[in-house]
Amino acid sequence: MNQRFRITRSMQENPVERSISLEECKDYFASQPDFSYSRELIIQGTESTMSIEGDFFMWKYADVEIPFRHYMGDVYVAISNEAVVPKMIEIATDLQADVVDG
C-alpha cells in the first residue's frame, strides 16, 4: 500500500493564502515540464477499469504517470515511486507549503 502525503498551507501560522487554489495549481503545473492536467484519473486493473473525477496533475516519470490531485485547497500524492519524494518537496517549496502525512 502506498503512503499518501498532502501539500498544504494549513500548518502555517500566517500564510499569504491559506489554501492552494485550483487556478494557482493550473498556473504552476502548466509551467512545469512533464505535467499535464486531467479532470479524470483512469485506473486500469487486470479485470476492470475505474475512473475517478477530480482535478489531477499527471506527472510523466519514466514510463508511468503519477497523479497529484488538487482537492479542497490542498494537493495530494501517493508515494508509489521513490522519485515522487523529491518532486513532492520541490512542488511544496515552490507553492510555499508544507508536506504532511495524510
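Rules behind the numbers
Sequence order as written defines residue numbering, which begins from 1 separately in each chain. Thresholds applied to this predicted model are a pLDDT of at least 70 for local features of residues and 80 or more for the giving and counting of side-chain atom pairs; totals over whole chains, interfaces and linings are not thresholded and use all residues. Side-chain figures throughout are based on the complete set of non-hydrogen atoms in the structure, without hydrogens or water. In this analysis a 1.4 Å probe is tested at points of a 1 Å grid over the protein atoms alone, and where it fits but cannot get out there is a cavity; an open set with protein on both sides within 12 Å along at least five of seven lines is a pocket; lining residues have an atom within 4 Å of a point. Grid points are joined across faces, edges and corners, and a volume is the space filled by probe spheres set on the points. Numbering goes from the N terminus for both helices and strands, where a helix is a DSSP run of H or I of at least four residues and a strand is a run of E of at least two. The residue classification treats Ala, Val, Leu, Ile, Met, Phe, Trp, Tyr, Cys and Pro as nonpolar and Asp, Glu, Lys and Arg as charged. All others, Gly included, are polar. When DSSP finds two or more bridges between a pair of strands, those strands are recorded as paired. Each patch groups residues whose relative accessible area exceeds 30% and which form no salt bridge, using 9 Å between like charges and 5 Å between nonpolar side chains of Val, Leu, Ile, Met, Phe, Trp and Tyr. Methods summary: accessible areas were calculated by the Shrake-Rupley approach with a probe of 1.4 Å, and residue burial reflects only the protein chains presented. The working definition used for a salt bridge is a side-chain nitrogen of Lys or Arg within 4 Å of a carboxyl oxygen of Asp or Glu. For every residue, the accessible area obtained with a 1.4 Å probe (protein chains only) is divided by the maximum for its type, and the residue is called buried under 20%, exposed over 50%, and partly exposed between those limits. Regarding the arc, it is the one traced by the directions from the helix axis to the C-beta atoms. Residue contacts are defined here by distance: any two heavy atoms, one from each residue, within 4.5 Å place the two residues in contact.

Okay, the layout of surface pockets next. The volume enclosed by the largest pocket comes to roughly 360 Å³. Forming the walls of the largest pocket are 17 residues, and the residues nearest its centre are Leu41, Phe56, Pro67, Val77 and Ala78. Elements with a minimum of two residues in the lining of the largest pocket: strand S2 (35-44), strand S3 (49-61), strand S4 (64-71) and strand S5 (74-79). The biggest single contributor to the lining of the largest pocket is S4, with six residues. For the lining of the largest pocket, the per-class residue count stands at twelve nonpolar, two polar and three charged.

Further remarks concern the pairing of S3. Direction of pairing for S2 relative to S3: antiparallel, over a ladder of nine bridges. Bridging from a neighbouring strand, Ile43 pairs with Met50 of S3. Between S3 and the antiparallel strand that follows it, S4, lie two residues; Ala62 among them carries a positive phi value of about 55°.

On the surface, Val85, Ile89 and Val99 cluster together to form a nonpolar patch covering roughly 200 Å² of accessible area. Relative to the elements of secondary structure, Ile89 occurs in helix H2 (residues 84-94).

Turning next to helix H1 (residues 22-30). Taken as a whole, H1 has its buried residues at Cys25, Tyr28 and Phe29. Burial along H1 is one-sided: seen end-on, the buried residues are contained in an arc of 90°. Structural note: H1 exposes Asp27 and Ala30 on the side pointing more than 90 degrees away from its buried face. The inward-facing, buried residues of H1 contact S2, S3, S4, S5 and H2.

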